[in-house]
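Structure assessment
One letter stands for each residue in the lines below.
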Amino acid sequence: GQQVQQSPASLVLQEGENAELQCNFSSTATQLQWFYQSPGGSLVSLLSNPSGTKHTGRLTSTTVTKERRSSLHISSSQTTDSGTYLCAIDERSNYNVLYFGSGTKLTVEP
Amino acid sequence: NAGVIQTPRHKVTGKGQEATLWCEPISGHSAVFWYRQTIVQGLEFLTYFRNQAPIDDSGMPKERFSAQMPNQSHSTLKIQSTQPQDSAVYLCASSLGALSYEQYFGPGTRLTVL
């Protein structure tokens, strides 16, 4: 199945700083989703971005399909952004199933 | 729209007992997925249905685990003879299917096997 690597594993920021999260995957994908998970919380879909650049609020995702990588940029971070960000990707041969990275744990300090 | 509903939110079983987990997908969604999340393994795919038909169960342990979708409004995941290593958060997700593959997740059921 698809191999998904996320970096960094953890990130600590001061409120107001920007965050850049990376996701690399091993094979061609047709679907890529970024999720947010609060401690003990459920998965919330942030963006679906299989290619190109997509914005929503303070979030920007850029996916370069040929290079098998995606990034999630969080601008002007807030303490409420703290949690784990997960990248999930399908696989061309099984394009409904999502394969997840291990996540980036973001901590935003006041 | 209530989102994906999962019940119970927490379940504690003794070793060897059976556990049944329930999922109600978003109305109108034709695809339903089951995943499992643990600290060690992260999020892993188990099985999925499309229009109630089982499509792929390649992630399901071959013994003791089974899933069904008797109608479009609910799916169940049954674990027989639960073992401590089955302890995890079991997540259900749904999507529109061919119209959109974006998946929406329920809050999960935390299963603890003593």
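The preceding data block contains the structure.
Keep in mind it's a predicted model, so treat the numbers as computed, not measured. (Residues numbered from 1 in each chain as written. Chains lettered and ligands numbered in written order. Predicted model: local features only at pLDDT ≥ 70, side-chain atom pairs only at ≥ 80, totals over all residues. Heavy atoms only, no water.)

1. Here we look at the overall build of chain A
For the record, the criterion: Secondary structure counts use DSSP, requiring at least four H or I residues in a row for a helix and at least two E residues in a row for a strand, with both numbered from the N terminus. A 1.4 Å probe rolled over the protein chains alone gives each residue an accessible area, and that area as a share of the maximum for its type sets the label: buried under 20%, exposed over 50%, partly exposed in between. The contact criterion used throughout is that any non-hydrogen atoms of two residues lie within 4.5 Å. Computed by Shrake-Rupley with a 1.4 Å probe, the accessible areas treat only the displayed protein chains as cover when residues are assessed. Two residue types count as positive, namely Lys and Arg, and two as negative, namely Asp and Glu; His and chain ends fall outside the count. Note that the charge is assigned to NZ on lysines, CZ on arginines, CG on aspartates and CD on glutamates.
Regarding its fold elements, chain A presents zero helices and 11 strands. Start at the N end of chain A and walk to the C end: the helices and strands fall as β-β-β-β-β-β-β-β-β-β-β. If one aligns the C-alpha atoms of chain A with their principal axes, the spans along those axes are about 45 × 30 × 20 Å. Looking at chain A residue by residue over its 110 residues, the buried ones come to 45%. Contacts in chain A between residues far apart in sequence, at least 24 positions, make up 56% of those at least 6 positions apart. Surface summary for chain A: the accessible area is close to 5,100 Å², and the carbon and sulfur share equals 47%. The averaged location of the 8 negative side-chain charges in chain A is 10 Å from the averaged location of its 7 positive side-chain charges.

2. Side note on the environment of Ala93(B)
Residue and element names in this part refer to chain B. By the secondary structure assignment, Ala93 is in strand S9 (residues 88-95). As for Ala93 and Gly3, which are separated by 90 residues in sequence, their C-alpha atoms are 9.5 Å apart. Not counting residues within four places of it along the chain, the set of residues in contact with Ala93 comprises Ala31, Val32, Phe33, Tyr35, Gln103, Tyr104 and Phe105.

3. Observations regarding the state of the cysteines
Stated precisely, the cut-off is as follows: Disulfides are defined as cysteine sulfur pairs within 2.5 Å.
Throughout the structure, instances matching the rule amount to two disulfides over all chains. Between the sulfur atoms of Cys23(A) and its disulfide mate Cys87(A) the distance is 2.0 Å. Taking the sign of the S-S torsion, -70 degrees for the link of Cys23(A) and Cys87(A), the bridge is left-handed. Of this pair, Cys23(A) sits in strand S3 (residues 19-25) while Cys87(A) sits in strand S9 (residues 83-91), and the two are 64 residues apart along the sequence. For the pair shown, Cys23(A) and Cys87(A) are each scored as buried. The side chain of Cys23(B) participates in a disulfide bridge whose partner is Cys92(B); the two sulfur atoms lie 1.8 Å from each other.

4. Points about the packing of aromatic side chains
What counts, and what does not: For Phe, Tyr and Trp, rings pair up if their centres lie within 6.5 Å, where Trp contributes its six-membered ring, and each pair is then called stacked (planes under 30 degrees apart), edge-to-face (over 60) or tilted (otherwise).
In the structure shown here, the tally under the stated rule is 10 aromatic pairs over all chains. Taken together, a centroid distance of 5.3 Å and an interplanar angle of 85 degrees make the contact between Phe35(A) and Phe105(B) edge-to-face. A residue pair is termed interchain when its members come from two chains, as with Phe35(A) in strand S4 (residues 32-37) and Phe105(B) in strand S10 (residues 104-105). An aromatic cluster is present here, built from Phe35(A), Phe100(A), Phe33(B), Tyr35(B), Phe45(B), Tyr48(B) and Phe105(B) joined pairwise through their rings.

5. Comments concerning the sheet that holds strand S3 (residues 19-24) of chain B
Residue and element names in this part refer to chain B. Note the following rule: Any two strands with at least two DSSP bridges between them are considered paired. Working convention: axes come from line fits to C-alpha atoms, limited for helices to the stretch in contact. Angles between N-to-C directions cover 0 to 180 degrees.
Here four strands make up an open sheet; going across it, the order is S1-S3-S8-S7 and the pairing antiparallel. Among the strands making up the open sheet, the edge pair consists of strand S1 (5-7) and strand S7 (65-71). Between one strand axis and the next, the sheet turns by 20 degrees as a mean value, whatever way the strands run.

6. Brief notes about the pairing of strand S5 (residues 43-48) of chain A
Residues and elements named next belong to chain A. When S4 meets S5, the two strands line up antiparallel, connected through five bridges. The partner of Gln33 across the bridge, within S5, is Ser48. Between S4 and S5, which follow one another and run antiparallel, lie five residues, and Gly40 among them has a positive phi close to 75 degrees.

7. What about the interface of chain A and chain B?
Condition: Note on definitions: buried area is the accessible-area loss of two parts on being combined, 1.4 Å probe, summed for both. The salt bridge criterion pairs a side-chain nitrogen of Lys or Arg with a carboxyl oxygen of Asp or Glu, the two atoms within 4 Å. Polar contact criterion, stated in full: a pair of N or O atoms within 3.5 Å, where within protein one must be able to donate a hydrogen and the other to accept it, and residues adjacent in sequence count only if both atoms are side-chain atoms. Basically, the charged four are Asp, Glu, Lys and Arg, the nonpolar ten are Ala, Val, Leu, Ile, Met, Phe, Trp, Tyr, Cys and Pro, and anything else, Gly included, counts as polar.
Taken residue by residue, the interface counts 15 residues in chain A and 15 residues in chain B. Note on chain A versus chain B: buried area summed over both sides is about 1,400 Å², and carbon and sulfur give 55% of it. Contact with chain B buries area across many residues of chain A, yet Leu43(A), Asn96(A) and Phe100(A) alone supply 36% of it, more than any other trio. One can count zero salt bridges joining chain A with chain B. Linking chain A with chain B are four residue pairs in polar contact (both at pLDDT 80 or more), by the criterion used here. At the level of secondary structure, the elements contributing two or more residues to the side of chain A that touches chain B comprise S4, S5 and strand S10 (94-100) of chain A. The element that contributes the greatest number of residues to the side of chain A that touches chain B is S10(A), accounting for six residues. Residues that form the side of chain A that touches chain B fall into these classes: seven nonpolar, eight polar and no charged.

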